[in-house]
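Listed below are the residues making up each chain.
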Amino acid sequence: MPRECVEVFVDGREAWKIGFSGFFSQIKGNVITVVLTIILSAGAPWWMPKNISTTKHDINLLSIITVLIIIIGVSLAIGFMYLKKRSIRSLDIKYQTHQLEHYLRDHQSDMFRLSEGNPTLPELKQIYDLYLSEVSNKFRNFFRVLIKDNTIEIAIRLAKDTSTAPNVLDIKYKTVVRTDGYNNNRGPNSTPISPDEGTARFLIEERDSKKVLIYNDIFKAAEKGAYKLTANDRNYRQDTVSMAIAPLNGWDGNELKMIGILIIASRKKETFSVKDVDSVSFIADMFSRSLVNINTLFSEHITNIGRS
Amino acid sequence: MKKLNVLNLFVASSRDLGMQKFTIKEIASKMKKTDKINPSYLPKIFAKNIKKLEQSE
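Residues numbered from 1 in each chain as written. Chains lettered and ligands numbered in written order. Predicted model: local features only at pLDDT ≥ 70, side-chain atom pairs only at ≥ 80, totals over all residues. Heavy atoms only, no water.

Points about the packing of aromatic side chains
Geometry of an aromatic ring pair is reported as the spacing of the ring centres plus the angle between the planes. All names here are of chain A. Within this structure, the stated rule accounts for eight aromatic pairs over all chains. Considering the side-chain rings of Y128 and Y131, the 6.2 Å spacing of their centres and the 35 degrees angle between planes classify their relative orientation as tilted. Placement of the pair is Y128 and Y131 together in helix α4 (residues 121-147), with a separation of three residues, close to one helical turn. Exposure remark for Y128: the relative accessible area of 3% places this residue in the buried category. An angle of 85 degrees between the planes, with centres 5.2 Å apart, marks the rings of F139 and F287 as edge-to-face. Here F139 is found in helix α4, whereas its partner F287 is found in helix α9 (residues 277-307), with 148 residues between them in sequence. Members of the aromatic cluster, connected to one another through ring pairs, are Y128, Y131, F139 and F287. Above the ring of F219, the side-chain terminus of R237 is found at 3.9 Å from the ring centroid. (Phe/Tyr/Trp six-rings, centres within 6.5 Å; stacked < 30°, edge-to-face > 60°. Helix = DSSP H or I, 4+ residues; strand = E, 2+ residues; numbered from the N terminus. Buried < 20%, exposed > 50% of the residue type's maximum accessible area, 1.4 Å probe, protein only. Lys NZ or Arg CZ within 6 Å of the ring centre and 35° of its normal.)

Topic: the packing of helix α6 (residues 198-205) of chain A against helix α2 (residues 24-31) of chain B
Between α6 of chain A and α2 of chain B, whose axes approach to 8 Å, the crossing angle comes to 100 degrees. By the angle class used here, α6 of chain A and α2 of chain B are roughly perpendicular. Contacts from G198, T199, R201 and F202 of chain A in α6 of chain A reach I27, K30 and M31 of chain B in α2 of chain B. Each residue belonging to the contact of α6 of chain A with α2 of chain B can be placed in one class, and the counts come to three nonpolar, two polar and two charged. (Axes fitted to C-alpha atoms, helices over the stretch in contact; angles between N-to-C directions. Parallel < 35°, antiparallel > 145°, perpendicular 65-115°, else oblique. Contact = heavy atoms within 4.5 Å. Nonpolar A, V, L, I, M, F, W, Y, C, P; charged D, E, K, R; others polar.)

What about the interface of chain A and chain B?
Facing 62 residues of chain A, the contacting portion of chain B comprises 41 residues. Carbon and sulfur atoms make up 66% of the surface buried where chain A meets chain B, a total of about 4900 Å² over both sides. Counting the contacts that link chain A with chain B gives seven salt bridges. Among the ionic pairs, E205 of chain A bridges to K33 of chain B, the shortest N-O distance being 2.8 Å. Here chain A is connected to chain B by 18 residue pairs in polar contact (both at pLDDT 80 or more). Its residues placed into classes, the side of chain A that touches chain B shows 34 nonpolar, eight polar and 20 charged. (Buried area = accessible area lost by both parts, 1.4 Å probe. Salt bridge = Lys/Arg side-chain N within 4 Å of Asp/Glu carboxyl O. Polar contact = N/O pair within 3.5 Å; in protein donor to acceptor, adjacent residues only side chain to side chain.)

Topic: the nonpolar core
With 87 residues, the main nonpolar core has Y128, Y131, F143, I156, Y215 and L291 of chain A as its most contacted residues. Counting residues per element, this core draws most heavily on α4 of chain A, at 13 residues. Contacts of Y128 of chain A, omitting those with residues within four sequence positions, involve L158, L291, I294, N295 and F298 of chain A together with F46, I50 and L53 of chain B. (Core = buried A, V, L, I, M, F, W, Y, C linked by side-chain atoms within 4.5 Å.)

Points about α2 of chain B
Those residues of α2 of chain B not exposed but buried are I24, I27, A28 and M31 of chain B. The buried residues of α2 of chain B occupy an angular sector of 100 degrees when the element is viewed end-on, so they sit on one face. In this structure, the buried residues of α2 of chain B make contact with β1 (6-9), α6 and β4 (212-215) of chain A. (Arc of directions from axis to C-beta.)

Some remarks on the pairing of strand β2 (residues 153-161) of chain A
Working note: regular strand, side chains alternate between the two faces of the sheet. Residue and element names in this part refer to chain A. With respect to burial, β2 is a largely interior element, nine of its nine residues being buried. Side-chain alternation along β2 places E153, A155, R157, A159 and D161 on one buried face and I154, I156, L158 and K160 on a second face that is also buried. In this structure, β2 lies alongside strand β6 (residues 256-266), joined through six bridges in antiparallel fashion. Following the sheet pairing, I156 is matched in β6 by L262. (Pairing = 2+ DSSP bridges.)

A word on the pattern of salt bridges
All names here are of chain A. On inspection of all chains with the given rule, the structure shows 24 salt bridges over all chains. For R186, the salt bridge identified is with D239, shortest N-O distance 2.8 Å. A residue pair is termed long-range when its members are at least 10 positions apart, and R186 in helix α5 (residues 186-189) and D239 in the loop between α8 (231-235) and β5 (242-251) qualify at 53 residues. Residue D239 is classed as buried on the basis of its relative accessible area of 3%. One network of salt bridges, in which partners are shared, links R140, R144, E153 and D180.

As for α4 of chain A
The end-to-end C-alpha separation of α4 of chain A is 38 Å, in line with the 39 Å expected for 27 residues at 1.5 Å each. Positive phi shows up at K148 of chain A, right after α4 of chain A, with a value of about 60 degrees. (Expected span 1.5 Å × (residues − 1).)

Side note on a nonpolar patch on the surface
Judged by side-chain polarity, I59, I64, L68, I72, L76, F80 and L83 of chain A come together as a nonpolar surface patch covering roughly 740 Å² of accessible area. Assignment of secondary structure puts F80 of chain A in helix α3 (residues 61-115). (Patch = residues over 30% accessible without salt bridge, like charges linked within 9 Å, V, L, I, M, F, W, Y side chains within 5 Å. Areas by Shrake-Rupley, 256 points an atom, 1.4 Å probe, with all protein chains shown as cover.)

Purely geometric stuff here, so don't read any function into it on its own.
Here's what the structure looks like:
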């Protein structure tokens, strides 16, 4: 069944029920399998001769046992190879998850340490940029292992006041980092997105239930009004063949608000599914918490620098 | 939950199983809004700090 151009999910716990294998993994599927096995094993196939003359067909028991042993042996070997592959991938995902959290913790500690030396604003900015760049690369590694797609790239949009007039607030979600697999020319043409429309508005208004958007075709979605194309989407369409988009919700002084947007893009079709939703949300939540901690630390410094 | 037909009884999709929260029409109607979003929903403190940081370049 073809996937829709855009899908919205909250969690993926029921994803095991999807598709042919999902059906046969459920109780009703188990019952059908057992019933079919009993029916099929109760009678001989229609193509088998009704009477088999033992004089015409000598059965060599040794050959049958040999073939059976070979079949069982090969099946076991294939089974163990598959199990090994699954185990390695599972351990790899756990390792990447640990590395990610380890990095966030250590980098945050480094920033607290550095902040004690009263850094200047440009120094803070340099540290912040390095943090965003490294963290996005780690997210990319994590999703590449998890989804088994080496074309995955990450972009992060953060809320920024873009107003030039004093005492006027004009918040837009601006791309602050993207991993190096995206087209290099995207940077100068990057368009900040407004919170009043498109994906940003959708995610802000749905923030209470924390939804993840999965795009299988942004152009088709745009035709239907379910996506707002940017110049970069049109110019570098191969970068974002499919996407998963999650809100970065964090504490903003008095309430939980959408401080940014996490974009995971692939050059392949239909890369993301409901099975990935909880992993995407997990990374988004972990990153939001780290961002808010660092922003709180920096805001104290920015205020102190402003006073001095 | 959407009623399953014979074909998708065996190959149920996430929509058939009620996992998708909105139809495309519903998503589009939410994204097509053009009025100003409620300002209280916006992260003012965070956005101002990012601006100050970027101004330091």
